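Observations on the model geometry
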Amino acid sequence: MSNISDIKVGLLFSLTGTTSVTERGQYESALLAIRQINGQGGIHGARLVPVTEDIASDPVLAAIKAEKLIQDHGVTAIVGLYTSACRKATIPVLEKYNTLLFYPALYEGEELSPHVVYCGPVPNQQLQHFIPWLVGNIGSAFYLIGSDYVYPRESNKHIRQLVKTHGGAIVGEHYVPLGLEKFHTALQDISKTNPHVVFSNLVGSSAIAFYQQFHQTGLRIPIASAITGETEIQAMGAQFAQGHYTSFPYFSSIQSIQNSEFRKLFMESYGTSTVSFVMESAYYSVWLLAEAIKTARSTESDAIRVALQGIEFEAPQGRIRVDDRNQHLWLHSRIGQVNEKGEFDIVWASDEPIPPLPFFRAKSSHEDTQDAGDVSAPVELKDAQCDYGPLIEALQDLTKYFPYQFAVFHPDGLILSVFGAELPDTPELPPFLRTGIRVTPQLLGRSGIAMALTGRSQAVVRGMDHERESLRQWVSIGIPIQGKSGGFHGVLGVFIPDWAISPDAVSLLCTALKQLVESAVEALESRSRQCAFESLLTGTINLFPEGYMAVRDGHVLVMNDLAQTILSEDATLVERVKEPLQTQTECEFRIRSVDSQHVIEARGRMKNGIQHVFLKRIDCMQTQSTEKQRKTTKDLVGSSPAFLKNLQMAELAAQMDANVLILGESGTGKELFARAIHEGSARSDQPFNRHQLCSPPQ
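Here's what I pulled together on the structure shown here. As a convention, each chain's residues are numbered from 1 in the sequence order in which they are written. Where totals are concerned, whole chains, interfaces and linings use all residues; where local detail is concerned, this predicted model gives features only for residues with pLDDT of at least 70, and gives and counts side-chain atom pairs only at 80 or more. To get the side-chain values, all heavy atoms of the structure are used, and hydrogens and water are removed first.

Right, let's get into the pattern of salt bridges. The working definition used for a salt bridge is a side-chain nitrogen of Lys or Arg within 4 Å of a carboxyl oxygen of Asp or Glu. Taken as a whole and judged by the stated rule, the model has 22 salt bridges. One salt bridge connects Glu-291 with Lys-294, and the closest N-O pair in it is separated by 3.8 Å. Of this pair, Glu-291 and Lys-294 are both found in helix H11 (residues 277-296), three residues apart, which corresponds to roughly one turn of the helix. A single network of salt bridges, built from pairs that share partners, joins Arg-87, Lys-88, Glu-108 and Glu-111. Counting from the N terminus, the helices are DSSP H or I runs at least four residues long and the strands are E runs at least two residues long.

See below:
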């Protein structure tokens, strides 16, 4: 963090298009949070720098702009998107670059991506309390209307289940294209069926037009919604929304210090205090990102993901926190009724934040509702896939001729791989059957996989016998991954369209798959035993005090680390060591390394066709010419007048550029004086050439 001056954050919203009426407010809230964080000193001194892209309510454009933010601008993370269609289109880009998206919107659940931090509520945090309240306080007959894309259709599945569970009925259901603003047909149908509640999952400009036209027809039926908030009400006019209901974690009418400060700050920045839940969500999404970066002291996605676990934040709605397992948030739940000012009077509120259940199923009151999976961190998944890599490859190879869908489940439920071919018209696997999701028996319900994971025995469940509705189009088969030794390595899940296989064929298929799985496990366990033996052998020979290698027919079978070190210093040594061994059963010899720095002592002995060779490296004694210690005239010591006179002459000679002749008997120190003159001269950095002259002519 100390080398980072700016931290770029991508803001990806529809500033134009049909959902811009909602997303522009989200964008403004995200900017507000960034300004607030920077105003408080940033993150360890680093500023947050927003980089904005407009996706114009287009899922294709959302994916393109997300890649632009990551590749061209180098953003640390992205905050943004509103519709599920845009989110789903963007996830492959996030996976490609291992980038996090902080998604500040409610959504339908049934998804767990390690690259998305789901900052809005899932159905159990909105609908689980909203639908029973409507049935008990308004009426039991519901008419469903929504925009025709992922969120409304998936949410209405939960609504149908909840209405049925609580004794109500669905009297009509109608979908319109995204952005449609004419509702004559739908309004006629509503008038005809006369429900107690019209539940709207219309978004953007469609929601505004519907409320206005609904009011103009004179119908006096309450509209309930889990989407329509303050910004949409402001855009349509309070008179068209008065008396209708919405469920959100946040309403701008909440009476709290945090919310008052938030609305005041928003008013000072944008001149309005109209704030909706998705705007609050965009605001705290930026704060959660900042807190995670601060905790991790890193802008790497993997570090941020780990730091997010359990982080709490005092949001305008109250204290929230990130779930430890699934990258969703613990959020409050509230029900509000629109008053004449276009604000919400809160008619019901949860006592505390509600834990997220991404894979929520509506159940009877006496049933356990703690039904959730969790997403593994990419690092954990990668480690598990590495450990199981050979097994997964073997299973993929053995099943490649079967036109079915397969999944490998770790014993703890983590999905390690999903693969296989598909028959024509094969339905899509449920969203919770994705690589990286850890499933539980409760999440899977009655299914072949859940039964095989818990019972460690083969299991088959067909079609309507499945507990989960999303599995009722399938035959699910669970084959325990275990060999004859009984070790349990998980489950091979098989998914076949219910119409595509007969009961007799299922029985034959199970027998074949069981044998294939057993053979794969046996081969891998045999390989594992061999690896264990090799590891033991390597550990043993590394205890030898000398280098060791075993040679048979000229090939090295094994060597210890010391032998590898000795032989790696000279590429020719291996062949030179092996050569004498080919003609002798016992031998001892020495060879010199190429650089002559070492001698290798080798001892070999033949036993059962294998030469056992021991190696020892011996450092050679270097006969180096030691340079005599440099001496100057200051190092020559004497006291006689003659010596001191000669010393003075030597110092003078050193300063002159002239030839010097030194005369004297042998052993009187001529070379000492010659060296002293050289070292004291301007030529001291040049070589000193010593020449002996015997009786030169006068």
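Let us keep going from here.
Another aspect to go through is the environment of Glu-23. Structurally, the position occupied by Glu-23 is in helix H1 (residues 20-39). A sequence separation of 208 residues divides Glu-23 from Thr-231, and the C-alpha atoms of the two residues are 9.6 Å apart. Contacts were defined at the residue level, with two residues in contact if any of their heavy atoms lie within 4.5 Å. Once you skip the residues sitting within four places of it in the chain, Glu-23 turns out to touch Phe-13, Ser-14, Ile-55, Leu-81 and Tyr-82.

Turning our attention to the packing of aromatic side chains. Only Phe, Tyr and Trp rings are paired, with Trp represented by its six-membered ring, and only when their centres lie within 6.5 Å; those with planes under 30 degrees apart are stacked, over 60 edge-to-face, the remainder tilted. Throughout the structure, instances matching the rule amount to 23 aromatic pairs. Residues Phe-262 and Phe-266 carry aromatic rings whose centres are separated by 6.3 Å and whose planes lie at 65° to one another, so their mutual orientation is edge-to-face. With a gap of four residues between them, Phe-262 and Phe-266 both fall in helix H10 (residues 257-270), about one helical turn apart. Side by side, Phe-262 and Phe-266 carry an identical accessibility label, which is buried. Look at Trp-474 and Phe-495: their rings are 6.4 Å apart centre to centre, the planes differ by 85°, and that puts the pair in the edge-to-face class. Taken together, the residues Trp-474 in strand E21 (residues 474-482) and Phe-495 in strand E22 (residues 488-497) connect sequence positions 21 residues apart. As far as burial versus exposure is concerned, Trp-474 and Phe-495 are alike and both buried. What links up through ring pairs into an aromatic cluster is the set Tyr-250, Phe-262, Phe-266, Tyr-270 and Tyr-283. Distance and angle both matter: a charge sits over a ring if NZ of Lys or CZ of Arg is within 6 Å of the ring centre and within 35 degrees of the ring normal. In this arrangement the basic side chain of Arg-321 is found over the ring face of Trp-330, its NZ or CZ atom lying 4.1 Å from the centre. The buried label applies to any residue whose accessible area, calculated with a 1.4 Å probe on protein chains only, is under 20% of its type's maximum; exposed applies above 50%, and partly exposed to all values in between.

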